[in-house]
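Residue strings, one per chain:
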Amino acid sequence: MQRIINDPDNVVDDAVRGYLRASPSLYAATDHPRVLKYAGETPDKVGVVTGGGSGHEPAFLGYVGEGLCDAVAIGEIFSSPTADAFLDAFRAADRGRGVACLYGNYAGDNMNVKMARQMAEMEGIDVKTVIARDDVASAPADQRDQRRGVAGEIMMWKVGGAAAARGDDLAEVIRLAQKAVDACSSIGIGLSSCTIPANGKPNFSIEPGHMELGIGHHGEPGIEVAPLTDATSMAKSMCDPVLADQDFTGGEVAVLVSGLGATPNMELNLLYAHIADRFEAESITVHRADIGNYFTSLEMMGATLTVMKLDDELKPLIDAPARSLAITR
Amino acid sequence: MQRIINDPDNVVDDAVRGYLRASPSLYAATDHPRVLKYAGETPDKVGVVTGGGSGHEPAFLGYVGEGLCDAVAIGEIFSSPTADAFLDAFRAADRGRGVACLYGNYAGDNMNVKMARQMAEMEGIDVKTVIARDDVASAPADQRDQRRGVAGEIMMWKVGGAAAARGDDLAEVIRLAQKAVDACSSIGIGLSSCTIPANGKPNFSIEPGHMELGIGHHGEPGIEVAPLTDATSMAKSMCDPVLADQDFTGGEVAVLVSGLGATPNMELNLLYAHIADRFEAESITVHRADIGNYFTSLEMMGATLTVMKLDDELKPLIDAPARSLAITR
Amino acid sequence: MQYLNTTHGTDILEALVDVIVENRNYLSEVDGAIGDGDHGINMAKGFRLCGESIQGQSLGLSKALGTLATTLMGSIGGSMGPLYGSLFLGMSNAIKECETLDARAFGDMLTGGLNALQGISDAQVGDKCLLDTLVPAVDDYRRAADNGEDFPAALDALRQGAERGCESTRELEARIGRAARLGERSRGHLDAGAVSCRLLLVTLADSTERHLEKAAA
Amino acid sequence: MQYLNTTHGTDILEALVDVIVENRNYLSEVDGAIGDGDHGINMAKGFRLCGESIQGQSLGLSKALGTLATTLMGSIGGSMGPLYGSLFLGMSNAIKECETLDARAFGDMLTGGLNALQGISDAQVGDKCLLDTLVPAVDDYRRAADNGEDFPAALDALRQGAERGCESTRELEARIGRAARLGERSRGHLDAGAVSCRLLLVTLADSTERHLEKAAA
Ligand SMILES: Nc1ncnc2c1ncn2[C@@H]1O[C@H](COP(=O)(O)OP(=O)(O)O)[C@@H](O)[C@H]1O
Ligand SMILES: Nc1ncnc2c1ncn2[C@@H]1O[C@H](COP(=O)(O)OP(=O)(O)O)[C@@H](O)[C@H]1O
Ligand SMILES: [Mg+2]
Ligand SMILES: [Mg+2]
Ligand SMILES: [Mg+2]
Ligand SMILES: [Mg+2]
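Residues numbered from 1 in each chain as written. Chains lettered and ligands numbered in written order. Predicted model: local features only at pLDDT ≥ 70, side-chain atom pairs only at ≥ 80, totals over all residues. Heavy atoms only, no water.

Under an unreviewed UniProt entry, the name given to chain C is Dihydroxyacetone kinase subunit L, and the organism recorded is Halomonas eurihalina.

An unreviewed UniProt entry annotates chain A as Dihydroxyacetone kinase subunit DhaK originating from Halomonas eurihalina.

Structure below.
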C-alpha cells in the first residue's frame with residue numbers, strides 16, 4: 001500500500017487538518033472535528049449541508065464554498081459520518097431559514113441523517129432532505145428509490161447551492177435540488193480496485209483485462225463484469241443504459257465525466273469524445289461538459305458518466321458562479 | 001494495462017479530440033493537429049506558448065486559457081512535441097507583439113523549441129524563451145542549468161500569463177516569467193510507476209514498501225530510493241532540500257503540492273499539513289497553497305512540492321484572475 | 001419470581017464492553033472473509049469509548065444503555081453506529097421507569113430495542129446482518145417468557161436463539177452491506193454483525209442471570 | 001576517380017526507409033532492454049511517412065535528404081526528430097549545389113550533417129547515444145578519404161566506424177535519455193539510437209557504392 005499517511009486509522013482526521021491549513025479561505029473548523037463549514041461570509045440564507053464517507057475527494061468537502069454547500073459532515077473512508085456530525089453540520093449551516101441536507105442513498109447515511117434530523121428538530125432547526133438516486137446500474141427505473149447516489153450529487157449541490165445563494169426559501173431549494181438530481185442519470189465503469197488505508201488490502205478485485213460496468217463508488221457490484229474493451233465500446237456501454245433511463249433526445253443536457261481516481265484526465269477526455277459523438281447522433285445538445293476528477297473512489301481506475309436534462313429553470317443554476325475546491329466558475 | 005483508450009498509438013490524438021469537444025470555450029483547433037489555442041478573444045498582447053510531452057495532465061494543455069497560455073504544442077506521451085508543432089503554436093499565439101515560449105528543461109524540448117524558434121524568426125515572429133529549471137533533485141544549485149523543469153512551470157505560466165494579459169511587453173513578460181521560475185524550488189517523491197499506453201508495461205519500477213525521493217516526471221532517477229516512511233517524514237525529506245535551495249526564511253511564499261496522478265487528494269492535504277507545520281517553524285508565511293493534481297505523470301503515485309518566494313511584484317501576478325482547466329481564480 | 005435490579009447498569013455494561021473489546025480481532029477476522037475486515041475495529045472503538053466514559057460511575061441500567069447508545073451513535077458512524085445505537089437507545093427507553101425488571105419487562109426492553117432498530121433500518125431477517133441474530137433471539141425469548149417459563153429459562157432461550165440465528169447467516173447470500181458485492185460467494189461465511197450481536201446478547205443474558213434475585217415471596 | 005550522381009536521391013532514400021521499416025521490431029527490442037521499447041515505432045513512423053511522400057517522385061539527393069529531414073522533424077518529436085532531422089538537413093544543405101559527389105564531397109556531406117546535429121544538441125561521444133556511432137564513422141570516413149583512399153574504401157571505413165562505434169555503446173553507462181535512469185545497469189546493452197544510426201550509415205554506404213560511376217577519365 002503506497003500511501004502518504006501516518007497512522008492508517010487516523011487518515012481522515014489528519015487529512016482534515018491538511019484541508020484546513022491549505023484552504024483557510026474556504027474552510028473553517030467547527031466544534032466537531034468531522035465537520036467543516038464555509039469560511040466566507042454567508043448571508044441570511046437557507047443552509048446547505050452534505051456529507052458522506054471519505055475517499056471520494058473532492059467529494060464531499062470539496063463542494064463546500066460559495067454558491068455550493070455551507071457545511072459538510074465527514075465520515076471514515078467509505079463509511080457514513082455519525083449522526084452527531086450531521087447534526088453539527090446542520091447547526092453550522094443554519095441561519096434560521098432552515099437547512100437543506102443533500103446527500104446520497106446509502107444505508108448508513110440514511111440512518112445517520114434520519115437520527116440527526118430528529119435531534120435537529122428538537123433544537124428547532126428545520127431540516128429537509130434530498131437523497132440522490134442517480135445510479136442507473138443500481139436498480140431499474142421502476143425501483144428508483146433503491147438506487148445509489150453517485151456523481152449526480154454534484155448537480156444537486158450545484159443547483160441547490162445556487163438556489164440558496166440567490167435567496168430561495170427552503171421549500172424551493174429542496175424542490176430544485178430534487179428536480180436537479182431527478183434530471184440526472186449516471187453510470188460507472190470500474191477498471192481496478194482500491195485499498196482503504198486502515199484495511200491495507202484491495203477492497204475487491206477486478207482482474208486485469210476486465211472491467212465492471214455499473215460498479216458503485218465503493219465497489220458495489222455492477223451490471224456485468226466483462227473483458228476490457230476499447231473506449232469506443234465503453235462509451236457505448238455507458239451511454240446505452242443512461243440514455244435508456246430518461247428521454248434526453250432533442251433536449252439540452254449538462255454532462256459530467258468523472259474519473260474514479262487513478263485514470264488520467266486524457267483518457268476521460270478521450271472517452272468523452274465518443275460520448276459527444278453519440279449525443280450528436282441522438283440530437284442531444286450538450287450545454288456544458290465537465291471532465292475531471294469530481295467524485296472519486298480513492299485510487300480506483302475507471303470513470304463515471306452523469307447526464308442531466310436541463311430546462312430554463314435548471315440551466316442558470318448550473319451556470320451560476322461558484323467557488324470551491326472542486327468547482328470554480 | 002487498465003486504460004480507457006482505443007489504439008494505444010493514437011491516444012494523444014484521440015484525447016485532443018476529446019478536449020476540443022469537452023471545452024469549446026477554452027480550446028480552438030489550429031491547422032496543426034497537435035496545437036490547441038485559446039478559444040476566447042485575445043486582445044493585442046504578447047503571446048504565451050508552452051508545450052511538452054503528454055501524460056502530465058492537466059499540464060500542459062490545461063494551462064491554456066484566460067490569463068495563462070494562448071497556445072500549446074502537444075507531444076506524444078512523455079515525448080517532446082515536434083518543432084513544427086512549436087512553430088504552429090507560435091503562429092497561433094502571435095499578435096505581432098512577440099511570443100514568450102515558457103517550457104521545461106528537457107533535451108527534446110530544448111532542441112525542438114530551438115528549431116521552431118529559428119523557423120519563426122524567418123517568418124518575422126519574435127520568440128523569446130524561459131526554460132524552467134526548478135527541480136532541486138536533478139542537479140545541485142551551482143549547476144542549475146542542468147536542472148529539470150517540474151511543477152514550478154505552473155508558477156511561470158501563471159506569472160508570465162498574467163503579465164501578458166495586463167499588457168506587458170515581451171521583454172517584461174520574459175523577465176517576470178524568468179523571475180517567477182527562479183523563485184521556485186521543487187522536489188518530487190515517487191511511490192509507484194506508470195505505464196505508457198503504447199508500451200504496455202511499467203515505465204520503471206518502485207518496489208512496494210519503497211519510495212523514490214527526487215524522482216522526475218518521467219521516472220528520471222532521484223536522489224535516493226528508501227523504504228516508505230510516514231507522511232511526517234516524507235514532508236521532512238521534501239522540505240529539507242527545498243528549503244536548503246533558497247533562503248525562504250522570514251519571507252512569504254506560494255506553495256503548490258501536486259499529486260503525480262493516482263495519489264488521492266486527501267493524502268496530498270495530509271502531507272501539506274506537515275509542510276505547513278515546518279514552514280511555520282521556519283517563520284515562512286504561506287500566502288497561498290494549491291493542493292491537487294496540477295502536474296501529473298500518468299497514474300504514478302506520489303507528490304511534488306513547489307515553493308515559490310514571493311515579493312510585491314510576483315504576488316499580484318500569482319493572484320491575478322485566470323480561467324483554464326487547471327486553474328480558475 | 002425472579003427479577004433484575006436495574007442498579008447493576010454499570011456492571012452489565014462493562015461486560016458488554018469487555019466482550020467486544022476482547023473479540024476485536026475475531027470480529028475483524030469474520031468481517032475479513034466477506035467484508036472489509038474492520039468490524040472489530042469499529043465496534044471496539046465505540047465500546048471502548050463508552051467503557052471509559054462510564055468508568056467509576058454507578059449507573060442504572062437504562063442510563064448505562066443510553067450512554068452506550070449515544071457513544072456508539074457519536075463515534076462509529078457507518079451503519080453500525082445508528083443500528084446498535086438505536087438498539088440500545090430503544091432498550092434504554094423501554095425501561096426508563098423501571099427499578100426492577102422481571103422476565104416480561106426484560107422482554108419489553110428487548111422488543112423496545114428491536115423496534116427502535118427497525119424504525120431506522122429496512123434491513124430484514126435473511127439479508128445476512130445483525131437482524132438474523134437479533135430477531136430469532138428476541139422471538140425465542142418472548143415465546144419462552146409468554147409460555148410462563150422462568151427468567152433463567154427465558155434467558156437461555158435468548159442465548160440459543162442468538163446462537164441459532166447467528167449460525168443461520170452462514171448459509172445466507174448477503175443482500176446488504178459490502179458482502180452483497182460477492183453475491184453467491186458470500187455463502188459459507190458468518191456475517192460479522194450477526195456475530196457481534198450474538199456476543200452481545202449472550203453476554204447480556206449471562207450477566208443478567210448472574211444478577212437475578214428472588215423476590216421476597 | 002569515382003563519383004555519385006545525385007540524381008539517385010529517391011533510390012538512396014528508399015533504401016534508408018526500407019532498412020528502418022524492416023528493423024522496426026529489432027530497434028524496439030533493443031530500446032526495450034534499457035529504454036521504453038519504442039525506438040522502432042518512432043523511427044518507422046517518420047521514415048514510412050517520408051517514404052510515402054516521395055513515392056513516384058524522382059528526387060535529387062539533396063532534395064530527398066531534405067524531405068526526410070523535414071518529415072522527421074515534423075512527425076517524430078522527442079529527441080530523435082530534431083537529432084536525425086538536423087543530421088539529414090545538414091547533409092542536404094551541404095550538397096545543395098552538387099550534381100555529383102566525389103569522395104571528398106561525400107565527406108563534406110557527412111560533416112555537414114554531424115555539424116548540424118551538434119549545433120542543436122550537447123550530447124557527446126560516450127553518452128551512449130547515436131553520436132557514439134556517428135562520430136567515429138564520420139571520422140574514419142574522413143581519415144580514409146583524406147589519406148587518398150578511393151571512394152569504395154572510404155565507404156568501407158564509414159561502415160566499419162559505424163559498426164565499431166555502435167558496438168562501443170554496449171559497455172557505456174548511459175548519461176542521457178531514459179537509460180540514464182539505470183546508471184550502472186545500462187551497461188551490457190547496445191543503445192537503440194546507436195543501432196539505428198549504424199543501420200542508416202551502413203545502408204547509405206551500401207547504396208552509394210551501388211550507384212558509384214567512373215568519371216570519364
Ligand atoms: N444496511 C445495513 N443494515 C443492517 N446491517 C448492515 C447494513 N450494512 C451492513 N450491515 C452489517 O454491518 C456489518 C459490517 O459492519 P462493519 O464492518 O463495522 O462496517 P463496514 O461494512 O462499513 O465496514 C455486516 O456484517 C452487517 O451485519
Ligand atoms: N538528449 C539526447 N541526445 C541525443 N540522443 C538521445 C538523447 N536522448 C535520447 N537519445 C537517443 O534516443 C534513443 C531513444 O530514442 P527513442 O526510443 O525513439 O525515444 P524515447 O527515448 O523518447 O523513447 C536512445 O537510444 C539515444 O540514442
Ligand atoms: Mg467492515
Ligand atoms: Mg469498513
Ligand atoms: Mg518513448
Ligand atoms: Mg524509446
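Caption draft 1: Region of the structure containing the overall build of chain C. On a plain count of helices and strands, chain C comes out with nine helices and three strands. Reading chain C from its N end, one meets helices and strands in the order β-α-α-α-α-α-β-α-α-α-α-β. Rg of the C-alpha trace for chain C: 16 Å, near the compact-globule value of 17 Å for 217 residues, within the 12% margin. Taken over the C-alpha atoms alone, chain C extends approximately 55 × 40 × 30 Å along its principal axes. Expressed as a percentage of its 217 residues, the buried residues of chain C come to 59%. A separation of at least 24 residues holds for 73% of the contacts in chain C among residues at least 6 apart in sequence. Just so you have it, chain C exposes about 8800 Å², and 47% of that area is on carbon and sulfur atoms. Looking at charge distribution, chain C has the averaged site of its 20 positive side-chain charges lying 5 Å from that of its 31 negative ones. (Helix = DSSP H or I, 4+ residues; strand = E, 2+ residues; numbered from the N terminus. Rg over C-alpha atoms; globule rule 2.2 N^0.38 Å. Buried < 20%, exposed > 50% of the residue type's maximum accessible area, 1.4 Å probe, protein only. Contact = heavy atoms within 4.5 Å. Areas by Shrake-Rupley, 256 points an atom, 1.4 Å probe, with all protein chains shown as cover. Lys, Arg positive; Asp, Glu negative; His and termini not counted. Charge placed at Lys NZ, Arg CZ, Asp CG, Glu CD.)

Caption draft 2: Fine view of the sheet that holds strand 3 (residues 212–214) of chain C. Residue and element names in this part refer to chain C. What the three strands build is an open sheet, ordered 2-1-3; its pairing is antiparallel. Lying at the two open borders of the sheet, with one neighbouring strand each, are strand 2 (100–101) and strand 3. Taken together, the three bridges between strand 1 (residues 2–5) and strand 3 define a ladder with antiparallel strand orientation. From the neighbouring strand, glutamine 2 faces strand 3, where its bridge partner is lysine 214. Along the sheet, helix 9 (residues 192–211) makes contact with strand 1 and strand 3, crossing strand 3 at roughly 30°. (Pairing = 2+ DSSP bridges. Axes fitted to C-alpha atoms, helices over the stretch in contact; angles between N-to-C directions.)

Caption draft 3: Layout of the nonpolar core. By size, the foremost hydrophobic cluster in this structure holds 204 residues, and its most contacted members are Trp157 and Met308 of chain A together with Trp157, Leu305 and Met308 of chain B. Look past the residues within four positions of methionine 308 of chain A in its chain and what remains in contact with it is Met155, Val159, Ala180, Ala183, Cys184, Phe248, Glu252, Val253, Ala254, Leu314 and Ile318 of chain A. (Core = buried A, V, L, I, M, F, W, Y, C linked by side-chain atoms within 4.5 Å.)

Caption draft 4: Just the coordination of the magnesium ion (ligand 6), in detail. All names here are of chain D. The coordination sphere of the magnesium ion (ligand 6), as far as protein atoms go, consists of Asp31 (OD), Asp36 (OD) and Asp38 (OD), spread over 2.0 to 2.2 Å. Of note, the donors binding the magnesium ion (ligand 6) are all from one chain and are spaced D-x4-D-x1-D. In this structure, the magnesium ion (ligand 6) is positioned 3.6 Å from the magnesium ion (ligand 5), and both are ligated by aspartate 36. Comparing aspartate 36 with aspartate 38, the two get one shared label, buried. (Donors = N, O, S within 2.8 Å, 3.2 Å for Na, K, Ca; no water.)

Caption draft 5: Inspection of the site of ligand 2 at higher detail. In the neighbourhood of ligand 2, 18 residues make up the surrounding shell, with Asp36, Asp38, His39, Asn42 and Asp191 of chain D lying closest. Ligand 2 sits at a junction of chains, with neighbouring residues supplied by chains B and D. Residue aspartate 36 of chain D places a side-chain N or O atom 2.8 Å away from an oxygen atom belonging to ligand 2. One of the side-chain nitrogen or oxygen atoms of histidine 39 of chain D is found 2.8 Å away from an oxygen atom of ligand 2. Protein burial of ligand 2: of its 560 Å² of free accessible surface, 89% is covered by the chains. Going through the elements one at a time, helix 3 (39–54), helix 5 (80–94) and helix 9 (192–211) of chain D are the ones with two or more residues in the shell around ligand 2. (Near = heavy atom within 4 Å. Polar contact = N/O pair within 3.5 Å; in protein donor to acceptor, adjacent residues only side chain to side chain.)

Caption draft 6: Inspection of the coordination of the magnesium ion (ligand 5) at higher detail. For the magnesium ion (ligand 5), the full set of protein donor atoms is Asp36 of chain D (OD) and Asp38 of chain D (OD), at a range of 2.0 to 2.2 Å. Owing to a relative accessible area of 6%, aspartate 36 of chain D belongs among the buried residues under this scheme.

Caption draft 7: The arrangement of the UniProt feature "domain: DhaL" (unreviewed entry) in chain C in detail. On the UniProt side, "domain: DhaL" (unreviewed entry) is annotated at positions that read residues 7–206 of chain C here. Taken as a whole, residues 7–206 of chain C contains 69% helix and 1% strand, while its terminal C-alpha atoms sit 16 Å from one another. (UniProt positions renumbered as here; feature names shortened; annotations may be inferred.)

Caption draft 8: Representation of the sheet that holds strand 2 (residues 35–38) of chain A within the structure. Residues and elements named next belong to chain A. Ordered by their spatial adjacency, six strands build an open sheet running 1-2-4-3-5-6, and the pairing between neighbours is mixed. The strands lining the two open edges of the sheet, one partner per strand, are strand 1 (27–29) and strand 6 (127–132). With direction set aside, neighbouring strand axes in the sheet form an average angle of 25°. Sheet analysis places strand 5 (residues 99–104) next to strand 6, joined by six bridges and oriented parallel. Across the sheet, the residue bridging to leucine 102 is valine 130, located in strand 6. Its contacts with the sheet put helix 3 (residues 107–122) on strand 3 (47–54), strand 5 and strand 6, and the angle it makes with strand 6 is roughly 170°. In the packing of helix 5 (residues 170–182) onto the sheet, the strands contacted are strand 5 and strand 6, and the crossing angle to strand 6 comes to about 5°.

Caption draft 9: Layout of the pattern of salt bridges. If you walk through the whole model with that rule in mind, you get 79 salt bridges over all chains. Between glutamate 184 of chain D and arginine 187 of chain D there is a salt bridge whose closest N-O contact spans 3.2 Å. In the salt-bridge network here, residues are joined through shared partners; they are Glu172, Arg175, Lys179, Asp311 and Glu313 of chain A. (Salt bridge = Lys/Arg side-chain N within 4 Å of Asp/Glu carboxyl O.)

Caption draft 10: Quick look at the pairing of strand 5 of chain A. Residues and elements named next belong to chain A. Burial analysis of strand 5 places six of its six residues in the buried class, which makes it a mostly covered element. Burial along strand 5 is two-sided: the residues Val99, Cys101 and Tyr103 and Ala100, Leu102 and Gly104 are all buried. Bridging between strand 3 and strand 5 involves three bridges; their strand directions are parallel. Opposite valine 49, over in strand 5, you have cysteine 101 as the bridge partner.

Caption draft 11: Up close: the packing of helix 1 (residues 9–22) of chain D against helix 3 of chain D. Residues and elements named next belong to chain D. Axis separation between helix 1 and helix 3 bottoms out at 9 Å; the angle between their running directions is 150°. The angle between helix 1 and helix 3 places the two elements in the roughly antiparallel class. Along this stretch, helix 1 crosses helix 3, giving a crossing that reads as left-handed. Residues Thr10, Leu13, Glu14, Leu16, Val17, Ile20 and Val21 of helix 1 lie in contact with helix 3, whose contacting residues are Met43, Ala44, Phe47, Arg48, Cys50, Gly51 and Ile54. Taken together, the residues of the contact of helix 1 with helix 3 sort by class into 10 nonpolar, two polar and two charged. (Parallel < 35°, antiparallel > 145°, perpendicular 65-115°, else oblique. Left-handed = near helix turned anticlockwise from the far one by under 90°. Nonpolar A, V, L, I, M, F, W, Y, C, P; charged D, E, K, R; others polar.)

Caption draft 12: Looking closely at the relation of the copies chain B and chain A. In the superposition of chain B on chain A (RMSD 0.0 Å, axial shift 0.0 Å), the rotation amounts to 180°. Here the transformation between the copies is reduced to the relation of a two-fold axis. The C-alpha atom lying nearest the rotation axis in chain B is that of alanine 262 of chain B; the distance is 2.1 Å. Looking at the interface residues of chain B, 100% of them are also at the interface in chain A, so both copies use one shared face. (Least-squares fit on C-alpha atoms with pLDDT ≥ 70 in both.)

Caption draft 13: View of the environment of histidine 217 of chain A. Its place among the elements puts histidine 217 of chain A in the loop between strand 8 (210–213) and strand 9 (224–227). The spatial distance from the C-alpha of histidine 217 of chain A to the C-alpha of phenylalanine 295 of chain A is 8.6 Å, given a sequence separation of 78 residues.

Caption draft 14: Highlighting the site of ligand 1. As a structural note, the neighbourhood of ligand 1 is formed by 18 residues, with Asp36, Asp38, His39, Asn42 and Asp191 of chain C the closest of them. Around ligand 1 the close residues trace back to chains A and C. Residue glycine 193 of chain C places a main-chain N or O atom 3.0 Å away from an oxygen atom belonging to ligand 1. Within the complex, the protein chains bury 90% of what would otherwise be the 560 Å² of accessible surface of ligand 1. Where the shell around ligand 1 is concerned, the elements lending two or more residues are helix 3 (39–54), helix 5 (80–94) and helix 9 of chain C. Residue classes in the shell around ligand 1 are distributed as eight nonpolar, five polar and five charged.

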